2 protein chains.
Amino acid sequence: MKPIKIGLLGLGTVGTGVVRIVEGHSEDLERQTGSSIIVEKVLVQDVSKLRAVPIDPDKMTDQPDDIIRNPEIDVVVEVMGGVEQTKGYILEALEQGKHVVTANKDLMALHGPEILAKAAEKGCDVFYEASVAGGIPIIRTLIEGFSSDRITKIMGIVNGTTNYILSKMSQEGAAYADVLKEAQGLGYAESDPTSDVEGLDAARKMTILSTLGFHSEVALADVKVRGISKVSKEDIQYGKKLGYEVKLLGIAERSDDLISVSVEPTMVKTSHPLASVNGVFNAVYVYGEAVGETMFYGPGAGEMPTATSIVADLVAVVRNMNLGVNGQRGSAPYRVKKLAAAEQISSKYFVLLHVEDKAGVLAQITQIFAKHEVSLESVFQHPNETNPKAEIIIITHDANQARMNDVLAEFDRLDVIQTIKSVYRVEG
Amino acid sequence: MKPIKIGLLGLGTVGTGVVRIVEGHSEDLERQTGSSIIVEKVLVQDVSKLRAVPIDPDKMTDQPDDIIRNPEIDVVVEVMGGVEQTKGYILEALEQGKHVVTANKDLMALHGPEILAKAAEKGCDVFYEASVAGGIPIIRTLIEGFSSDRITKIMGIVNGTTNYILSKMSQEGAAYADVLKEAQGLGYAESDPTSDVEGLDAARKMTILSTLGFHSEVALADVKVRGISKVSKEDIQYGKKLGYEVKLLGIAERSDDLISVSVEPTMVKTSHPLASVNGVFNAVYVYGEAVGETMFYGPGAGEMPTATSIVADLVAVVRNMNLGVNGQRGSAPYRVKKLAAAEQISSKYFVLLHVEDKAGVLAQITQIFAKHEVSLESVFQHPNETNPKAEIIIITHDANQARMNDVLAEFDRLDVIQTIKSVYRVEG
């Protein structure tokens, strides 16, 4: 059979991994697809730069058209990152009838619908397993493994940087700023860590997962985002004492066809499988009406895990090519998106208050909860050693978000409450 | 599009779940496949028996030919269990050009190659996701998600009954016989529990997983099996003290193309993700050279989880029918099977010895390990309160099985060793 020729856009860490697997596992890939797969061209900025894998200099180019308009190339593998320029390349490649495999979550979260529509128009595959949770095959699990079920909840630890930071803070009792600096030193966090620590990266991934899980076109702007930069070591220590770990969770829920998606630091009960996912690992918990609780765990990033997902997508494209069935994945959203309002979203909450240490304060606080019909699971009060004020921790039962916001607004106006120190969603 | 008609062989728990999903999720299934799916005929022993789901009496039959030779039926869903007779039905259905979805691990472990060969000959699909780990889509993960990688290790908690028993023994310090009786009362264990507790059920599932993971035709007879009926509460308590949980693990390894597969109670380090999989849940840990560590967790049995996997397979069959690409999954083994000999398999071991409490015993024991070049990670000795003899626990470094057998044979002949109380493989 005619060899399948791929063009790589980018040869950074992940691109290097793709070359290693395509060349290193060439015999297995051929046995599985019936075709040999060849890296035909590689787009880089500097063709003369020394590379981590040996590549024939004739294959290197700094001209995008050598790939996206090259009639020899069957599949474009995009591992260069970026959004606007990259989108242009991918749309042009599809226009030219090439299939696309991409690891680009930013692009798919922002322009997925447009790219997938172009692919459908041209009968091409666009696969993007590597865009979420690196080596975990979560996208095909949602599309194929759970095609029969109604998924009602997806909770993901989908950002390794923040999970590393929170795990370290929990294990060592360390402060956020110190662990962030250490993570930057180890290369687990960028010098500008905003996208990770403020939850934007996780929000992009949740956009992709919730669109697939709920068959509705969820947009990045639909995701409520809060990062971890305000998580204190005290919060983590209090959580631990009460049996919780703080995790940055992406939470997508569907109830009565109303969708809500958020990314926020969450108190996760120690017994929940997500609570013990530590370090740079990722995990996605999926709840389906029929299947119940499932979880998928693995490396969320890195050269070889991400390349594994990219090359698995490449195998799927090649199998489809040999069967003549590209562009037929059938994962397009078919349900009108309806977003839940605050009063339609409910969860348990953890609230830490610094209050004046005098009689009647707790009664005032619990009265406000009662007035807004938020019932309480547990209340802990104890003096703070470093502060003349007392601390109160409250864990609520399931409460709707709107009522909870009313409670917090009233706390803000209450003299005896010094500070609303922290508020977390509680899961598990 | 013409509706797709299915024939169900069996209407027990799982068959009932299949009817519930096919009828309850009919709109979603049609949106995802482009076809409506109809339960056309159901084979049962007693057509007059009252059923948990309402089914048109005209659809019930006690004649297998009404399904397997019925030209109206496109897909046969086999949920009746059994091996020889069932195999005959499935082969005949394939002969008639029908696709098959089955949950039957016994059948696939024993006759998978023959059935898959017949399917290939007739251009039919045979899918069997539900045969391993119920609701966890582990088979498509191995075939598709990790098509790009070289899997070198699969470890599975793939039997819910034994995991329930071991979890209870660990959590409550209870004895095996008591927990087994309780599990039988709850319907988690059969009245004759042999197949579960002696590891045979897990062995069948590991046959299927290792065949797919290693691309070699592993046979049930290749799996070394040891069950949990000899696991004592003392073993579990000693394990816990040293940071291990006892789990019945299916372990499939490939090293230098040499394969070994076993099912055995194993000491799993508490920090390993498999250690916290409790109760009737299943989990499969997959290690790939490129992807590294991954784990897939979910319900291992039950009406709706198992039916989820069956109907997901049905969706795949229908998608293939509409594309005209049935019988092309491409998961047939292509590697010659080479089994590892005992001296080619290595692992850490946990050994608990009852010895005479006198000077020099430990020296004699450690000398025997040294003589056979088994090095030790740790040694614990303490008097046994209920026994005048002392107890010694040894955890070895990685040791090959042949040498370990030599050590144990020599212990057997050693006067100062009263009993080799227990020997476990150690993982994590």
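What counts as what
- Residues numbered from 1 in each chain as written.
- Chains lettered and ligands numbered in written order.
- Predicted model: local features only at pLDDT ≥ 70, side-chain atom pairs only at ≥ 80, totals over all residues.
- Heavy atoms only, no water.
- Helix = DSSP H or I, 4+ residues; strand = E, 2+ residues; numbered from the N terminus.
- Polar contact = N/O pair within 3.5 Å; in protein donor to acceptor, adjacent residues only side chain to side chain.
- Contact = heavy atoms within 4.5 Å.
- Least-squares fit on C-alpha atoms with pLDDT ≥ 70 in both.
- UniProt positions renumbered as here; feature names shortened; annotations may be inferred.
- Buried < 20%, exposed > 50% of the residue type's maximum accessible area, 1.4 Å probe, protein only.
- Salt bridge = Lys/Arg side-chain N within 4 Å of Asp/Glu carboxyl O.
- Buried area = accessible area lost by both parts, 1.4 Å probe.

1. What about the side chain of A:Asn70?
All names here are of chain A.
- Structurally, asparagine 70 is set in the loop between α3 (65-68) and β4 (75-78).
- Polar side-chain contacts of asparagine 70 include one of 2.9 Å to the backbone oxygen of aspartate 66.
- Apart from residues no more than four positions distant in its own chain, asparagine 70 is found in contact with Lys41, Asp65 and Lys98.

2. A look at the relation of the copies chain B and chain A
- Of the transformation superimposing chain B on chain A, the axial component is 0.0 Å and the angular component is 180 degrees, with the fit at an RMSD of 0.0 Å. Such a combination of turn and shift is consistent with a two-fold rotation axis. When each C-alpha of chain B is compared by its distance to the rotation axis, B:Phe296 comes out closest, at 2.4 Å.

3. Looking at the UniProt feature "binding site: L-homoserine" (unreviewed entry) in chain A
All names here are of chain A.
- As annotated in UniProt, the feature "binding site: L-homoserine" (unreviewed entry) corresponds to Glu190 in the numbering used here.
- Within the fold, glutamate 190 resides in the loop between α8 (176-185) and α9 (194-197).
- With relative accessibility at 52%, the residue glutamate 190 sits in the exposed group.
- Once you skip the residues sitting within four places of it in the chain, glutamate 190 turns out to touch Gln184 and Asp196.

4. Things to note about the pattern of salt bridges
Residues and elements named next belong to chain B.
- Counted under the stated rule, the structure contains 61 salt bridges over all chains.
- Between glutamate 95 and lysine 118 there is a salt bridge, and its shortest N-O distance comes to 2.6 Å. Here glutamate 95 is found in helix α4 (residues 84-95), whereas its partner lysine 118 is found in helix α5 (residues 105-122), with 23 residues between them in sequence.
- Since its relative accessible area comes to 33%, glutamate 95 is described here as partly exposed.
- The class for lysine 118 is buried, based on a relative accessible area of 18%.
- In this structure, the salt-bridge partner of lysine 358 is glutamate 356, at a minimum N-O distance of 3.8 Å.
- The class for glutamate 356 is partly exposed, based on a relative accessible area of 27%.

5. Remarks on the interface of chain B and chain A
- Between chain B and chain A, the residue contacts involve 47 residues of the former and 47 residues of the latter.
- Summing the contributions of chain B and of chain A, the shared interface buries around 4200 Å²; its carbon and sulfur component is 55%.
- The interface formed by chain B and chain A contains 4 salt bridges.
- Measuring nitrogen to oxygen at the nearest pair gives 2.5 Å for the salt bridge that ties A:Asp28 to B:Arg335.
- Connecting chain B to chain A are 23 residue pairs in polar contact (both at pLDDT 80 or more).
- A total of 8 residues in the side of chain B that touches chain A trace back to one element, the largest contributor, which is helix α12 (residues 303-323) of chain B.

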